[in-house]
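These are the residues of each chain, in order.
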Amino acid sequence: MPELPDVETFKRYLDATSLHQQISGVDVESAYVLKGVSARELAHRLKGRCFESSRRHGKHLFVRADGELWLRLHFGMTGSLQYFKRGEQASKHTRVLFVFASTHCLAFEDQRKFGEVGLVKDVDEFLKKRALGPDALDLSLSLFRQIFEKHRGAVKAILLNQKLIAGIGNIYADEILFRARLHPAIEISRVGDKALTKLFRATHYILRKAIAAKADVNQMPKSWLLPHRGKHGKCPRCGRELKSSRIGGRTAWFCPHCQRRTA
Ligand SMILES: [Zn+2]
């Protein structure tokens, strides 16, 4: 499921391939992913324009098509982008195809169709309306502290709550907690000041490193949880078997030996 590092990787990919080319058409293969816009309107509004720049907030990607028009992309569970030469076979999971006047096109692919494609006039207004929290990489330590001081419950639930902190999903929340050596079920009230600072640093470290690795598991350090999570996986730190448990409706992977319930 695409999280902040994945979406940042899509952003960089789009920036490197798809800007400043006139859009000659938009083919909607599945209107199911369109939100608040029809296939006809999407094509009509974008045709003749160019994508000029992009902006990411949490798991959302916004692509500016002109002063007051932004394409909004959310990658749901299985969304991704693919830039390719016209005439080459598009993936069967292509839902929306942006065709450029040059020789190429950009496909929004999404096997499970939980993704979203829409248009927005004002990105900040959209973020406000959705009540999304600050982007996880824009957070300062003091704001991070404030968020945790104001809320109760499991630390992992706070990390996952897009209305408090935008961008972190199940996989990277587990990775951040593993690095900070905190148990995923640990309650905020049991996390001291020092541990909270450690958690903040781990959040930035993991997200930045994952972006540098292009969110590709094969490029992640072997000392991370990610290459080992899953049945019979062993903790890369102590070698003991990893455990999983349902926390906040999601499956958490962790090492019961290395990750503490009080800190
Ligand atoms: Zn361990």
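In short, a report on the structure. The structure presented is a predicted model; accordingly, all values stated were derived computationally and were not measured. (Residues numbered from 1 in each chain as written. Predicted model: local features only at pLDDT ≥ 70, side-chain atom pairs only at ≥ 80, totals over all residues. Heavy atoms only, no water.)

A few words on the overall build of the protein. Scanning the protein from N- to C-terminus turns up 7 helices and 10 strands. A compact globule built from 263 residues would reach a C-alpha radius of gyration of about 18 Å, and the protein, at 20 Å, matches this within 12%. Principal axes of the C-alpha set define a box for the protein whose edges measure 55 × 35 × 30 Å. Residue pairs at least 24 apart in sequence account for 63% of intrachain contacts in the protein once pairs closer than 6 positions are excluded. Accessible area of the protein: about 12800 Å², with a carbon and sulfur share of 47%. Each charge class in the protein can be summarised by its mean position, and for the 47 positive and 26 negative side chains these summaries are 7 Å apart. (Helix = DSSP H or I, 4+ residues; strand = E, 2+ residues; numbered from the N terminus. Rg over C-alpha atoms; globule rule 2.2 N^0.38 Å. Contact = heavy atoms within 4.5 Å. Areas by Shrake-Rupley, 256 points an atom, 1.4 Å probe, with all protein chains shown as cover. Lys, Arg positive; Asp, Glu negative; His and termini not counted. Charge placed at Lys NZ, Arg CZ, Asp CG, Glu CD.)

Turning our attention to the nonpolar core. The biggest cluster of nonpolar side chains holds 36 residues, and the ones touching the most others in it are F148, V155, L159, I165, I168, Y172 and L199. Of all the elements in the fold, those that place two or more residues in this core are α4 (141-150), α5 (155-160), α6 (170-180) and α7 (193-212). It is α7 that provides the largest number of residues to this core, a total of 9 residues. If near-sequence neighbours (up to four positions away) are discounted, I165 is found in contact with G133, P134, A136, L139, F144, I147, F148, I158 and L159. In this structure, L34, V96, F98 and V117 belong to the second largest nonpolar core, which totals 29 residues. (Core = buried A, V, L, I, M, F, W, Y, C linked by side-chain atoms within 4.5 Å. Buried < 20%, exposed > 50% of the residue type's maximum accessible area, 1.4 Å probe, protein only.)

Now for the coordination of the zinc ion. At the metal site, the zinc ion is ligated by C235 (SG), C238 (SG), C255 (SG) and C258 (SG), and these contacts range over 2.2 to 2.4 Å. Considering all 4 donor atoms around the zinc ion, angles at the metal cover 104 to 112° and the coordination shape is tetrahedral. Read from N- to C-terminus, the donor residues coordinating the zinc ion fall into the pattern C-x2-C-x16-C-x2-C. Taken together, the residues C235 in the loop between α7 and β9 (243-247) and C255 in the segment after β10 (250-254) connect sequence positions 20 residues apart. For C235, a relative accessible area of 3% gives the class buried. (Donors = N, O, S within 2.8 Å, 3.2 Å for Na, K, Ca; no water. Tetrahedral: all angles 85-135°; square planar, octahedral: opposite > 155°, others 65-115°.)

All right, on to the pattern of salt bridges then. In the structure shown here, the tally under the stated rule is 12 salt bridges. The partner of D135 in a salt bridge is R56, with the nearest N and O atoms 2.6 Å apart. Taken together, the positions of D135 in the loop between α3 (123-129) and α4 and R56 in strand β2 (residues 53-57) put the pair 79 residues apart, joining distant regions of the chain. In this structure, D135 and R56 share a single accessibility class: buried. The salt bridge involving E116 is made with R130; its shortest N-O contact spans 3.6 Å. Of this pair, E116 sits in strand β8 (residues 116-120) while R130 sits in the loop between α3 and α4, and the two are 14 residues apart along the sequence. Residues joined by salt bridges that share partners form a network here, namely E8, R12, R56 and D135. (Salt bridge = Lys/Arg side-chain N within 4 Å of Asp/Glu carboxyl O.)

What follows deals with the packing of helix α1 (residues 4-17) against α7. Their axes nearest at 9 Å, the elements α1 and α7 cross at an angle of 40°. For the element pair α1 / α7, the angle class is oblique. In this structure, the crossing between α1 and α7 has a hand that is right-handed. Two secondary-structure elements touch here, α1 through L4, P5, E8, T9 and R12 and α7 through L207, A210 and I211. Along the lines of polarity and charge, the residues of the contact of α1 with α7 split into 5 nonpolar, 1 polar and 2 charged. (Axes fitted to C-alpha atoms, helices over the stretch in contact; angles between N-to-C directions. Parallel < 35°, antiparallel > 145°, perpendicular 65-115°, else oblique. Left-handed = near helix turned anticlockwise from the far one by under 90°. Nonpolar A, V, L, I, M, F, W, Y, C, P; charged D, E, K, R; others polar.)

Across a sheet, paired strands are connected by hydrogen bonds in the backbone, their directions being either parallel or antiparallel. Spatial strand order, β1-β6-β7-β5: 4 strands in an open sheet with antiparallel pairing. Each of the sheet's edge strands pairs with one partner strand only, and the pair in question is β1 (23-28) and β5 (79-85). Strand-to-strand twist of the sheet, defined as the mean angle between neighbouring strand axes without regard to direction, takes the value 15°. In the sheet, strand β6 (residues 94-100) pairs with strand β7 (residues 104-110) via 5 bridges, with the strands oriented antiparallel. Across the sheet, the residue bridging to T94 is E109, located in β7. (Pairing = 2+ DSSP bridges.)

Ordered in space as β2-β3-β4-β8, the 4 strands form an open sheet in which the pairing is antiparallel. Strands with a single pairing partner mark the edges of an open sheet, and in this sheet they are β2 and β8. Neighbouring strand axes in the sheet, compared pairwise and without regard to direction, differ in orientation by 25° on average. Direction of pairing for strand β4 (residues 69-74) relative to β8: antiparallel, over a ladder of 5 bridges. By the bridge assignment for β8, R72 is matched with G118. Contacting β2 and β3 (60-66), α1 runs over the sheet at an angle of about 180° to β2.

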